[in-house]
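Each chain is listed here by its residues.
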Amino acid sequence: MARRRKGKPIDGVLLLDKPSGMSSNRALQKARGLFGAQKAGHTGTLDPMATGLLPVLLGEATKFASYLLDADKRYIASLRLGQCTDTGDAEGQVIQERPVPLLEPASIDAAVAQFTGEIEQVPPMFSALKYQGRPLYELAREGREIKRAPRSVSVYHSRPFDAGPTGFSLDVTCSKGTYVRTLAMDIGEVLGCGAHLNALRRLRTGPFDASGMVTLEHLESLVDSERMACLLPMDVLIEHLPRVVLDADQSARFQQGQGVMLQNRTSVVDDDPVRVYDEHRLLGIALVEPTGRLAPKRLVNTAEST
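These numbers were taken from a predicted model, which means no experiment stands behind them.

Asks: Which residues make up the overall build of the protein, and what values do they have?
Replies: If you tally the helices and strands in the protein, you get eight helices and 18 strands. Taking the principal axes of the C-alpha coordinates as reference, the protein spans close to 75 × 45 × 40 Å. The buried share among the 306 residues of the protein stands at 46%. Considering only residue pairs separated by 6 or more positions, the protein has 68% of its internal contacts joining residues 24 or more positions apart. Of the roughly 15,400 Å² that the protein leaves accessible, carbon and sulfur atoms contribute 50%. With 37 positive and 37 negative side-chain charges, the protein shows a separation of 6 Å between the mean positions of the two kinds.

Asks: Go over the pairing of strand β1 (residues 12-18) with me, naming the residues and quoting the values.
Replies: Burial analysis of β1 places seven of its seven residues in the buried class, which makes it a mostly covered element. Taking every second residue as pointing to the same face, both faces of β1 are buried, with Gly 12, Leu 14, Leu 16 and Lys 18 on one and Val 13, Leu 15 and Asp 17 on the other. Pairing geometry for β1 and strand β3 (residues 51-58), over seven bridges, is antiparallel. Its bridge partner lying in β3, Gly 12 is registered against Leu 58.

Asks: Explain the pattern of salt bridges to me, and be specific about the residues and the numbers.
Replies: This structure, assessed with the given rule, holds 14 salt bridges. Across the pair Lys 63 and Glu 60 runs a salt bridge, and its minimum N-O distance is 2.9 Å. In the salt-bridge network here, residues are joined through shared partners; they are Lys 39, Glu 60 and Lys 63.

Asks: Explain the pairing of strand β17 (residues 282-288) residue by residue, including any values.
Replies: In terms of residue burial, β17 counts as a mostly covered element, since six of its seven residues are buried. Relative to β17, strand β16 (residues 273-277) is paired through five bridges, and the arrangement is antiparallel. Counted as the bridge partner of Pro 273 is Leu 287 from β17. In textbook terms, the turn of a hairpin is the stretch between consecutive antiparallel strands, and for β16 and β17 this stretch comprises four residues. As defined by bridge partners, β17 adjoins strand β18 (residues 293-299) across five bridges and the pair is classed as antiparallel. When the bridges of β18 are listed, Leu 287 appears paired with Ala 295.

Asks: Break down the sheet that holds β16 for me, with residues and values.
Replies: Sheet strands pair by backbone hydrogen bonding; their relative direction is either parallel or antiparallel. On the basis of which strands lie adjacent, the open sheet formed by five strands has the order β14-β16-β17-β18-β15 and mixed pairing. The open sheet has two edge strands with one neighbour each: β14 (243-245) and β15 (260-261). On top of the sheet, helix α8 (residues 248-255) reaches β15, β16, β17 and β18; it is set at about 80 degrees to β17, its chief contact.

Asks: I'd like a rundown of the nonpolar core, residues and numbers included.
Replies: Judged by nonpolar contacts, the single largest core of 27 residues is most densely connected at Phe 168, Leu 170 and Ile 187. Looking at this core, the elements with two or more residues in it are β4 (73-81), α3 (105-113), β10 (151-164), β11 (167-174), α5 (180-191) and β12 (195-205). Of the residues forming this core, the biggest block, five residues, is contributed by α5. Counting 20 residues, the second largest nonpolar core, distinct from the first, contains Leu 15, Leu 57, Phe 208 and Leu 282.

Asks: Could you give an account of α3, with specific residues and numbers?
Replies: For α3, the set of buried residues is Ile 108, Ala 111 and Val 112. Along the axis of α3, the buried positions cluster into a sector of 95 degrees, meaning they face one direction only. On its buried face, α3 sits against β10, β11 and α5.

Asks: Account for the environment of Asp 171, with residues named and values stated.
Replies: Residue placement: Asp 171 occurs in strand β11. We classify Asp 171 as buried; its relative accessible area is 6%. Along the backbone, Asp 171 and Pro 207 are 36 residues apart, and their C-alpha atoms lie at a distance of 17 Å. The contacts of Asp 171, once residues within four sequence positions are left out, are Arg 74, Tyr 75, Ile 76, His 157, Ser 158, Arg 159 and Phe 161. A polar side-chain atom of Asp 171 sits 2.7 Å from a polar atom in the side chain of Arg 74.

Asks: Which residues make up the packing of aromatic side chains, and what values do they have?
Replies: For the structure on display, the rule yields zero aromatic pairs. A cation over an aromatic ring shows up here: Arg 243 above the ring of Tyr 277, its NZ or CZ 3.9 Å from the ring centre.

Asks: Go over the layout of surface pockets, please, and point to the residues and values.
Replies: Each pocket or cavity is described by its volume, and for the largest pocket that value is around 970 Å³. By residue number, the principal contributor to the lining of the largest pocket is β12, which donates three residues. Split by residue class, the lining of the largest pocket holds 13 nonpolar, eleven polar and nine charged. Approximately 330 Å³ is the volume found for the second largest pocket. If you trace the second largest pocket, you find 20 residues lining it, with Pro 124, Met 125, Glu 145, Arg 148 and Met 185 closest to the centre. Elements represented by at least two residues in the lining of the second largest pocket include exactly β7 (117-121) and α5. Counting residues per element, the lining of the second largest pocket draws most heavily on α5, which supplies three residues.

Rules used in this analysis
Residues numbered from 1 in each chain as written. Predicted model: local features only at pLDDT ≥ 70, side-chain atom pairs only at ≥ 80, totals over all residues. Heavy atoms only, no water. Helix = DSSP H or I, 4+ residues; strand = E, 2+ residues; numbered from the N terminus. Buried < 20%, exposed > 50% of the residue type's maximum accessible area, 1.4 Å probe, protein only. Contact = heavy atoms within 4.5 Å. Areas by Shrake-Rupley, 256 points an atom, 1.4 Å probe, with all protein chains shown as cover. Lys, Arg positive; Asp, Glu negative; His and termini not counted. Charge placed at Lys NZ, Arg CZ, Asp CG, Glu CD. Pairing = 2+ DSSP bridges. Salt bridge = Lys/Arg side-chain N within 4 Å of Asp/Glu carboxyl O. Axes fitted to C-alpha atoms, helices over the stretch in contact; angles between N-to-C directions. Core = buried A, V, L, I, M, F, W, Y, C linked by side-chain atoms within 4.5 Å. Arc of directions from axis to C-beta. Polar contact = N/O pair within 3.5 Å; in protein donor to acceptor, adjacent residues only side chain to side chain. Phe/Tyr/Trp six-rings, centres within 6.5 Å; stacked < 30°, edge-to-face > 60°. Lys NZ or Arg CZ within 6 Å of the ring centre and 35° of its normal. 1 Å grid on protein atoms, 1.4 Å probe; cavity = no way out; pocket = protein on both sides within 12 Å on 5 of 7 lines; lining within 4 Å. Points joined across faces, edges and corners; volume = space filled by probe spheres on them. Nonpolar A, V, L, I, M, F, W, Y, C, P; charged D, E, K, R; others polar.

If you want it as structure tokens, here you go:
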């Protein structure tokens, strides 16, 4: 007999404003506990020091996490010039200090511009990337340095502002896999004084921005019905996919994992995913085969959806 999950079958997307000093997984578990949800996941880890947008997926929404994992992100970063840390951010130990020259705005703009567009980054040792099955940060804490291959990432937009004698802020929009810590360190080296990331706040992930965020404290202050109203429907994760609506017979067969023939193929491309609905709800995602058959890819457990 299958083990029954604890909690309620709640499905939806929560745009959580993660607080500083808390890991993404801890924030996820606190949010899950407040809703009493059976299942939860998040898309795109924020370091404990960082704050801001952490999409939390509850229940069946976790099946569509991949559509956010590859999404572009926007951050506001604070750079502290003149100090290098072993982690590249304010949580690490200062390992080097250098004088900060008097920097003109044009000099800062020029340094930032060198790291805009498609660039190569060497991932930091204090990261969750694996080496021989172990996270790099574990090896870094043992004093080991592992050679890391540079990776191509894209920085679409990077604007410095609020410059002061020891640092400035940066408004960054970038691709998946971009380390803003590494960006801060690299800019510091170009400026000749070194730098580390002093603060980081995520303002956008894919289609979601900061305007819809809620804090854990706010969620704790709500009654259940008010808390549920903070959830977005899970199909907001796949609104970019073409929509297909099935009749009752097709819906029944589709939910049993059977392929169904698609009659109207307007705006649907072969081998592309589509989101599939019956008259009332999302049923899942399917691939459109060249024959016009809808092949189920991910089914939503509609029997447990709320």
